[in-house]
Amino acid sequence: MTDGTGTTGDARPLVEVRGLTKSFGDLHVLRGIDLTVARGSVTVLIGPSGSGKTTLLRCLNSLEVPEAGTVRVDDVEVDMAARPSPALLRRLRATSGMVFQSHQLFPHRTALQNVTEGPVYAQRRPRARAEAEATALLAKVGLADKAGAYPHELSGGQQQRVGIARALALRPRLLLFDEPTSALDPETVGEVLSVMRDLAAEGWTMVVVTHEIRFARQVADHVMFMDGGVVVEEGRPGDVLGDPRQERTRRFLQRILDPL
Ligand SMILES: Nc1ncnc2c1ncn2[C@@H]1O[C@H](COP(=O)(O)OP(=O)(O)OP(=O)(O)O)[C@@H](O)[C@H]1O
Ligand SMILES: [Mg+2]
């Protein structure tokens, strides 16, 4: 479905990942990850640098192919150990839209062109309709007046909001965010988080890597702490962030909340 409310009639969670493993050479980056994401829920993923957060998102989006494990997003199920066909991996990729940390826009295309590129070229949708939809999406992220602007004419926060509109334009069922505010000036972080908050309120299913703990407490339904390629602790934000059970989680939170 395209409205983010997950009304496909399927009662199962939108996302189920079981036993996901991924290595780069000798480096075991994901060591058996399980992840369940309910429809219309927001999952926040936290963890130290190198713990595998980005790799996990990239596996969900088929930008990386894991060695083993299963990934199901809605009705697309992939057994990674069974040499999935490129066509099946493309179907998996089409289920989600990803927003990256930065530098995600084509520099020589306007905001509007950046948002219409995917629908027109990858999804072969009629240009006029894709442009009308892109215009509405830019308005939705507060950038109605910036449709003709090039990325270098936009602030970092505005570029990230175009990136969000671009992900939405592909009509995904799941939105993945990889530290969408970590490269921004402090004063522009809020405008991006505010768009994400609106999307969550609309019922979009989201998996968000972020260390914005206040956002996680306010918006997340579920928080996962990863370290060394495993999920160390997960649960409700009040529990995992407010009163973690694991010493590793506690130490990590102390470090990011009080870095000095
Ligand atoms: N394409 C790749 N080739 C080789 N090693 C990789 C590749 N991608 C990631 N890695 C390694 O895998 C590990 C996990 O990387 P990943 O980017 O998933 O971590 P992360 O939790 O997102 O970290 P950060 O918080 O710094 O973004 C790191 O040690 C990284 O160097
Ligand atoms: Mg990362």
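As a convention, each chain's residues are numbered from 1 in the sequence order in which they are written. Chain letters and ligand numbers both follow the written order, the letters beginning at A and the numbers at 1. Only residues with pLDDT of 70 or above have their local features reported here, since the model is predicted, and side-chain atom pairs are shown and tallied only from 80 upward, although totals for entire chains, interfaces and linings are computed over all residues. In computing side-chain values, all of the structure's heavy atoms are included and hydrogens and water are not.

Asker: Mind laying out the nonpolar core, listing which residues take part and the relevant values?
Answerer: One broad trend across soluble globular proteins is that nonpolar side chains are buried collectively. What we call a nonpolar core is a set of buried Ala, Val, Leu, Ile, Met, Phe, Trp, Tyr and Cys residues that are connected through their side-chain atoms within 4.5 Å. Each residue gets one of three labels from its accessible area relative to the maximum for its type: buried under 20%, exposed over 50%, partly exposed in between, using a 1.4 Å probe on protein chains only. Ranked by size, the top nonpolar core spans 46 residues in total, and within it Ile164, Phe177, Met196, Leu199 and Met206 carry the most contacts. Secondary structure elements are taken from DSSP: a helix is a run of H or I of four residues or more, a strand is a run of E of two residues or more, and numbering for both begins at the N terminus. At seven residues, the largest contribution of residues to this core is made by helix α6 (residues 186-202). Two domains each put at least three residues into this core: domain 1 (1-95 + 174-260) and domain 2 (106-171). Note on contacts: a residue pair qualifies if any of its non-hydrogen atoms lie within 4.5 Å across the two residues. Excluding its chain neighbours within four sequence positions, the residues that come into contact with Ile164 are Val99, Val141, Phe177, Val192, Val195, Met196 and Leu199. One finds Leu30, Leu35, Val37 and Leu45 within the second-largest nonpolar core, a separate group that totals 28 residues. An automatic or database domain assignment provides the domain bounds reported here.

Asker: So, the sheet that holds strand β4 (residues 68-73): which residues are in play, and what are the values?
Answerer: Strands are treated as partners if at least two bridges between them are detected by DSSP. On the basis of which strands lie adjacent, the open sheet formed by four strands has the order β2-β1-β4-β5 and antiparallel pairing. Looking at the sheet topology across the chains shown, the edges are occupied by β2 (27-37) and β5 (76-79). Each neighbouring strand pair of the sheet contributes to a mean axis angle of 15°, computed without reference to strand direction. Most of the contacts of helix α1 (residues 53-60) go to strand β1 (residues 15-24), to which it runs at about 120°, and overall it touches β1, β2 and β4. In this analysis an axis means a line fitted to C-alpha atoms, helices contributing only their contacting stretch, and an angle means the value between N-to-C directions, from 0 to 180 degrees.

Asker: Residue-level account of the domain arrangement of the protein chain, with values.
Answerer: Domain annotation for the protein chain reports domain 1 (1-95 + 174-260) and domain 2 (106-171). Relative to domain 2, the C-alpha centre of domain 1 lies at a distance of 24 Å. If you look at the interface, domain 1 gives 14 residues, while domain 2 gives 12 residues. Accessible area that two parts lose when put together, evaluated with a 1.4 Å probe and summed over both, is termed the buried area. Here domain 1 meets domain 2 over a buried area of about 1,000 Å², counting both sides, of which 71% is carbon and sulfur. What makes a salt bridge here is a side-chain nitrogen of Lys or Arg within 4 Å of a carboxyl oxygen of Asp or Glu, nothing more. The interface formed by domain 1 and domain 2 contains two salt bridges. In this structure, the salt-bridge partner of Glu202 is Lys140, at a minimum N-O distance of 2.6 Å.

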